[in-house]
Amino acid sequence: MPDKAPKSSGEASLGQREKNKIDKLKRIKEAARELFLSNGFDDATTRAIASRAGVGIGTVFIYADNKRDLLFLVANDELEETTDKAEASIRDDASCLHNLLTVFRHHYEFFGRQPKLARLMLREMTFYDSGRQADRFHATRERVIRLVSSIMQRALDRRTIQASEDAGFIGWVAFCIYQVELRRWLTTQALDIDDGMVALQRALRLFMQGLAPTDGCLDVSQRGRQRARRAARAR
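Residues numbered from 1 in each chain as written. Predicted model: local features only at pLDDT ≥ 70, side-chain atom pairs only at ≥ 80, totals over all residues. Heavy atoms only, no water.

Colleague: Before we move on, can you summarise the packing of helix H2 (residues 16–39) against helix H3 (residues 46–53) with the specific residues and values?
Modeller: Taken N-terminus to C-terminus, the directions of H2 and H3 make an angle of 125 degrees; their axes are 8 Å apart at the nearest point. Classified by the angle between their axes, H2 and H3 sit oblique to one another. In this structure, the crossing between H2 and H3 has a hand that is right-handed. Residue-level contacts link Arg27, Ile28, Ala31, Ala32, Glu34, Leu35 and Phe36 of H2 to Ala48, Ile49, Arg52 and Ala53 of H3. Residues of the contact of H2 with H3, tallied by class, amount to eight nonpolar, no polar and three charged. (Axes fitted to C-alpha atoms, helices over the stretch in contact; angles between N-to-C directions. Helix = DSSP H or I, 4+ residues; strand = E, 2+ residues; numbered from the N terminus. Parallel < 35°, antiparallel > 145°, perpendicular 65-115°, else oblique. Left-handed = near helix turned anticlockwise from the far one by under 90°. Contact = heavy atoms within 4.5 Å. Nonpolar A, V, L, I, M, F, W, Y, C, P; charged D, E, K, R; others polar.)

Colleague: Outline the packing of helix H8 (residues 132–157) against helix H9 (residues 167–186), listing residues and values.
Modeller: Where H8 contacts H9, the two axes come as close as 7 Å, and the packing angle between them is 120 degrees. Viewed along their axes, H8 and H9 adopt a mutual orientation that is oblique. The element H8 and its partner H9 pack so that their crossing is right-handed. Facing Arg141, Val144, Ile145, Val148, Ser149, Met152, Gln153 and Leu156 of H8, the residues of H9 in contact are Ala167, Gly168, Ile170, Gly171, Trp172, Ala174, Phe175 and Gln179. Broken down by class, the residue content of the contact of H8 with H9 amounts to 10 nonpolar, five polar and one charged.

Colleague: Give a detailed account of H9, specifying residues and quantitative values.
Modeller: The first and last C-alpha atoms of H9 sit 28 Å apart over 20 residues, in line with the 28 Å expected at 1.5 Å per residue. Turning to H9, its buried residues are Ala167, Ile170, Gly171, Ala174, Phe175, Ile177, Tyr178, Gln179, Glu181, Leu182, Trp185 and Leu186. Tucked inside the fold, the buried residues of H9 contact helix H6 (96–113), helix H7 (115–125), H8 and helix H10 (193–209). For H9, the N-terminal cap is aspartate 166; the gap from its side-chain oxygen to the backbone nitrogen of glycine 168 is 2.9 Å. (Expected span 1.5 Å × (residues − 1). Buried < 20%, exposed > 50% of the residue type's maximum accessible area, 1.4 Å probe, protein only. Polar contact = N/O pair within 3.5 Å; in protein donor to acceptor, adjacent residues only side chain to side chain.)

Colleague: Any chance you could break down the pattern of salt bridges for me, citing the residues and the numbers?
Modeller: Two side chains carrying opposite charge are able to pair once their charged atoms lie near each other. On inspection of all chains with the given rule, the structure shows 20 salt bridges. Here arginine 105 ties to aspartate 194 by a salt bridge, and the two come within 3.0 Å at their closest N and O atoms. Residue arginine 105 is located in helix H6, and its partner aspartate 194 is located in helix H10; the two are separated by 89 residues in the primary sequence. Owing to a relative accessible area of 44%, aspartate 194 belongs among the partly exposed residues under this scheme. Put simply, Lys29, Asp77, Glu80 and Arg136 are held in one network by salt bridges that share partners. (Salt bridge = Lys/Arg side-chain N within 4 Å of Asp/Glu carboxyl O.)

Colleague: Let's hear about the nonpolar core: which residues, and what values?
Modeller: Among the nonpolar cores identified, the biggest contains 64 residues, and Phe36, Phe111, Leu200 and Leu204 are the most heavily contacted of them. At 10 residues, the largest contribution of residues to this core is made by H8. Contact partners of leucine 200, with chain neighbours within four places excluded, come to Leu101, Phe104, Tyr108, Ile177, Tyr178 and Glu181. (Core = buried A, V, L, I, M, F, W, Y, C linked by side-chain atoms within 4.5 Å.)

Colleague: Tell me about the confidence of the model for the protein chain, and name the residues and values.
Modeller: Per-residue confidence for the protein chain gives a mean pLDDT of 89, with 88% of residues at or over 70. Confidence drops under pLDDT 50 across residues 1–5; counting only partners more than four residues distant or on other chains, this segment forms zero contacts. (pLDDT = per-residue confidence, 0-100.)

Shown next, in the form of structure tokens:
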């Protein structure tokens, strides 16, 4: 009779109770993923997810507060790992734009691997901010914003960019551009990541280069609006 494969030190150190918890969580995540993909978010039910996972509905609520929270439970671990990799990929000798694109590409790849699920998550996160798993998802989102802001701060410190705003706000604007471009990319049929990055690079370049506004272009006073209307009529 062949010998059993040796267990890893991590597996060997886990008690049976802990192993059961890990197994249940894995089954719940897989069941939620399958039903969200096959039925859509609205038609998938928490009871059906529990049934497919082979657990009681009370067990599901140990890990997620509600059905929307289950959607984020499916993705949180991998999204956090993706952000770890993105942070590790930042290089001191790379340009600001190169580092931004590298960080964002990791996340494009993550969402592109499961586009249907990604569309559901991005739809539900827009007006949803309650639940333990949602909190994790939003914490990762804030971490990415801080990561982008740190890239901007480095560029400001090295004087490769100049701005009147602080790095936190600049990073947030760059992140907003990424979010819009990511959503637009996820609506395409091909989901070609190189095409997506070209479009994102174009938008970020415009943001970083600016629009060289002329006098009066940024005037939001009543007088400025009147002057703009007169200039438009004179053309």
